[in-house]
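Residues per chain, in single letters:
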Amino acid sequence: MNSQDRLPSASDGAWHTRVTEALASISDAVYFLDADDRFTWVNSAAERLLSRPAAELVGRTVWDVFPDLRGTDLGRVYRMARERRAMQEVELFSAPLDRWLGGWVHPGRGDDLVVFFRDVHERRALDEERAAESSLFRAVLNALPARTAILDPDGTILTTNAAWAEGVVSDGRPFAGAGANYLDACAAAAAAGDRDARAAVDGLEAVFARRVPSFSLDYASSPPAGRGSEPSWWHLQAFPVDDRPRVVVTHTDITDRVTAEQRAAWQARHDHLTSLPNRAALYEAIAEALAEDDSGRVTVLYMDVDGFKQVNDSLGHSSGDLLLRELASRLAHRTRPTDVVGRLGGDEFVVVAHDCDAVGGEALARRFHGVFDEPFELAGTRLPLTVSIGIAASDPAHAEPEDLLRDADAAMYAAKVSGPNQHQIFTPALRTELDDRWQIASRLRDAASIGEFVVHWQPVVHLPSGEVTGCEALLRWNHPQRGLVHPADFIPVAEENGLIVPITRWLLQTTVAQGVVWARQGLELAIAVNISAVHLASGTLVDDVLGAVADSGLPAGRLMIELTETSVARDPEQATEQFATLREHGIRIAIDDFGTGYSSLSAVASLPVDVLKVDRALVAGSGPKGTAAPEAILGAVAALGAALDMQVLAEGVETREQVELARRVGCTYAQGFHLSPPLAADELTALLEEGLRRTGKQLLPRGPEPT
Ligand code: C2E
Ligand code: CA
Ligand code: CA
């Protein structure tokens, strides 16, 4: 039996029949109610939905069949449909069905109602899901720290997140909110000259037009006046949301990252100890200065603290660091703001002076020497320090900053070699000299070079007797390419490269051996060996000298060492100590080049020495202008020697008159070209043997007659 069979015949009419026929077969549940809410007709879908056969429903009221529905919205909706004579919608949850049902209640004839019901459970679930999704979307959007907005195709802001509200544009106004046009706002800023805004407009338009998949831009935002001075940094990104041409715009705060990057970049260009520009930054500064100034007026000063290593070694690295910081700040205060002071590392500082030539550089160097006038206070001590400065002024040959720096370095090196507290201007000759030195140094370092040394011996004449009583050992280097190289060209290089001590050890051995040979031949010669200040400071001098004479058979008194006045003056106490020890063993000591070192006579008087070798300049009267006549000077030194029980030797006598003068004023010895140049050992032997054969004395052929 189907529901059609139970159609009430009371609600007649062909029309009614047609309608109910149509309704009977539709998938929506349909039922008719009379004015008392009594079911008058139900279709089969309604039977299924209400889980009741039509027979159980028709004739009974809704409230009888489903008492649970009393008091629900349904009654109200029925009433409203009747009162308003308009369709009412309702959604109900059916507990027995455990589903949501949607109802459409149509007013019928009189107070009859036609009610459609449909299972809306799936749709409602979907709606709920959508709603949940949309609130999730909101929550996510708001949780984003980036200022985020979604834009319509025309640039109108559809929605923004919570962070967006905190955004302010550079003039202090808040970001435009939903409804405003983002593109227009950017365009306005661009029109006002904001270049970043211009780029943003172009980029966004490209994204909207799908010409690019996305667009991003980093920009700085200065704070509105009076709200701090540090700009903040932002990353603007725009990308399409979906296939509709909507665009998401985000502004992410990247201030931390940018400042970290800026800090790293700063650190890469500065010295961590002093915060001064480092080597890389100095190169840039020089390059910039050169590019700016093609008139050749960029000058680089290269400074190296004298004896800094000793400070570090004796006071410790932390003191050394303090000193470098103090020095950095002093230097920075002595330069013009346009000049750049930097540190290359260690105790090496560089100043790049703009609009400054070599002469100006020299004035600046003097000023920097002055920086050291005030001693440095360190660990409770006041430390006097000096600096060596090299100056290089730009010229067209200086294409690269490296060249200028290298030349200044070379000049510094030359200044350093000439003594502490000096400055030197770079010249091309200096470069040649340095290259030369470098070549010599590299060859000298080769152990084979020791076999290339030869010794020449210059006779020393005892003036009262006219006899040759000694000689001075003078080193020559028989260089395979250069021939005989004189000591002035290689001794300083050997001193710098730590080679002078081994060379002198070899010389001492050679000298002693030669002395023994002469002694066997009946020639009793005292031999003098020149000793470098470096050797004196090395601490091995006493051992080296005594080691050479020990077990050689040569009486110690035949060996004399010569040290210049200046090398002794560097550390008189240390010299005195070593001299005393050597003299106890019979070794004799001479002060070489006496009269050139400007040391006071009293300083020399207190030294334990045997011989004063008066420099050739004094003997020849070619000393500094205004000095007294050679006779007076030589006389004074001879008198001093006599008073101190020292013997005086006149060096470099080139004429008969000079020999006579030396003899007259009371010098004990003389040495010089007039008597004999330095000779090879066998030449000297032959001469002296000839004298012995002729006169029984060690005489030179043209030696002076004894008085
Ligand atoms: P010095 O010790 O004053 O040696 C004397 C220098 O004067 C020698 O030059 C000698 O050849 C030169 N001479 C001698 N008589 C005359 C003269 O009448 N007129 C002129 N114009 N010169 C004269 P040399 O051999 O070239 O030595 C130069 C300097 O090199 C020496 O000066 C000495 O300071 C240093 N030297 C030489 N040999 C050695 C060495 O074995 N060790 C060290 N440390 N230095 C050395
Ligand atoms: Ca000498
Ligand atoms: Ca000398």
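Note that this is a predicted model, so its numbers are computed, not measured.

Student: If you had to explain the packing of helix α7 (residues 182-191) against helix α8 (residues 195-208) to someone new, which residues and values would you point to?
Tutor: Put simply, α7 and α8 touch, their axes get as near as 7 Å, and they point 145° apart. The handedness of the crossing between α7 and α8 is left-handed. Within the contact between the two elements, α7 uses Y182, L183, C186, A187, A189 and A190 and α8 uses A197, R198, V201, L204 and F208. When grouped by side-chain class, the residues that make up the contact of α7 with α8 number ten nonpolar, no polar and one charged.

Student: Go over the environment of L344, please, and point to the residues and values.
Tutor: Its location among the elements puts L344 in strand β12 (residues 340-345). Look at L344 and you get buried, because its relative accessible area is 14%. L344 sits 155 residues away from L499 along the chain, and the two C-alpha atoms are 28 Å apart. Residues contacting L344, with those up to four places away along its chain left out, are R279, L282, Y302, V350 and L405.

Student: An account of the sheet that holds strand β10 (residues 247-253) is needed here, citing residue identities and associated values.
Tutor: One open sheet accounts for five strands, arranged β7-β6-β10-β9-β8; its pairing is antiparallel. For this open sheet the edge positions go to β7 (157-160) and β8 (215-221), each flanked by a neighbour on one side alone. Taken pair by pair, the neighbouring strands of this sheet meet at an average axis angle of 20°, ignoring direction. Where strand β6 (residues 147-151) meets β7, three bridges bridge the pair, whose relative direction is antiparallel. Pairing of I150 across the sheet is with T159, part of β7. Sitting on the sheet, helix α6 (residues 121-143) touches β6 and β7, and the angle it makes with β7 is about 75°. In this fold α8 packs onto β6, β8, β9 (232-240) and β10, with an angle of close to 160° to the strand it touches most, β8.

Student: Explain the coordination of the calcium ion (ligand 2) to me, using residue names and the numbers behind them.
Tutor: For the calcium ion (ligand 2), the full set of protein donor atoms is E472 (OE), N530 (OD1), E562 (OE) and D592 (OD), at a range of 2.0 to 2.3 Å. Read N to C, the donor residues that coordinate the calcium ion (ligand 2) are spaced as E-x57-N-x31-E-x29-D. A separation of 4.0 Å is found between the calcium ion (ligand 2) and the calcium ion (ligand 3), which share D592 as a coordinating residue. Of this pair, N530 sits in strand β21 (residues 526-530) while D592 is found in strand β23 (residues 588-594), placing the two residues 62 residues apart along the sequence. Residue class for N530 comes out partly exposed when judged on its relative accessible area of 27%.

Student: Explain the pairing of strand β19 (residues 467-479) residue by residue, including any values.
Tutor: Counting buried positions along β19 yields ten of 13 residues, so the element is predominantly enclosed. Summarising the sheet, strand β18 (residues 453-462) and β19 pair through ten bridges and their orientation is antiparallel. Opposite Q458, over in β19, you have E472 as the bridge partner. In this structure, β19 lies alongside β21, joined through four bridges in parallel fashion. Each bridged residue has a counterpart across the sheet, and for C471 the counterpart in β21 is I527.

Student: With reference to specific residues and values, describe the coordination of the calcium ion (ligand 3).
Tutor: The coordination sphere of the calcium ion (ligand 3), as far as protein atoms go, consists of D592 (OD), D593 (OD), E651 (OE) and E651 (OE), spread over 2.2 to 2.3 Å. One chain supplies every donor to the calcium ion (ligand 3), and in sequence these donors are spaced D-D-x57-E.

Student: Residue-level account of the site of ligand 1, with values.
Tutor: Close to ligand 1 lie 22 residues; Q458, R476, D592, E654 and F673 are nearest. With respect to ligand 1, the side chain of D593 contributes an N or O atom lying 3.3 Å from an oxygen atom. Compared with its free state, where it exposes 790 Å², ligand 1 has 81% of that area covered by protein. Every element with two or more residues in the shell around ligand 1 is listed here: β19, α16 (487-496) and β23. By residue number, the principal contributor to the shell around ligand 1 is β19, which donates four residues.

Conventions we followed
The numbers attached to residues start from 1 for each chain and follow its sequence in the written order. Lettering of chains starts at A and numbering of ligands starts at 1, both following the order in which they are written. Local features in this predicted model are restricted to residues of pLDDT 70 or higher, and side-chain atom pairs are both shown and tallied only at a pLDDT of 80 or more, whereas totals for entire chains, interfaces and linings draw on every residue. Only hydrogens and water are removed before side-chain values are computed, so all heavy atoms of the structure are retained for them. Interaxial angle, 0 to 180 degrees, is taken between N-to-C directions of lines fitted to C-alpha atoms, where a helix line uses only the stretch in contact. Secondary structure elements follow DSSP: runs of H or I no shorter than four residues count as helices, runs of E no shorter than two count as strands, and numbering proceeds from the N terminus. By the definition used in this description, the sense in which the near helix is turned from the far one sets the handedness, with an anticlockwise turn below a right angle giving left-handed and a clockwise turn giving right-handed. Here, two residues are considered to be in contact whenever any of their heavy atoms come within 4.5 Å of each other. Nonpolar residues are Ala, Val, Leu, Ile, Met, Phe, Trp, Tyr, Cys and Pro. Charged residues are Asp, Glu, Lys and Arg, and all others, Gly as well, are polar. Exposure classes here rest on a 1.4 Å probe applied to the protein chains alone. A residue is buried below 20% of its type maximum, exposed above 50%, and partly exposed in between. When DSSP finds two or more bridges between a pair of strands, those strands are recorded as paired. A donor here means an N, O or S atom no more than 2.8 Å from the metal, or no more than 3.2 Å when the metal is Na, K or Ca. Since water is not included, a site may seem to lack partners. One heavy atom suffices: a residue is near a molecule or strand as soon as one of its heavy atoms comes within 4 Å of it. Any pair of nitrogen or oxygen atoms within 3.5 Å is treated as a polar contact; in protein, a donor-acceptor pairing is required on top of that, and neighbouring residues in sequence qualify only through side-chain atoms on both sides. Using a 1.4 Å probe, the Shrake-Rupley method yields the accessible areas, and only the shown protein chains count as cover for residues.

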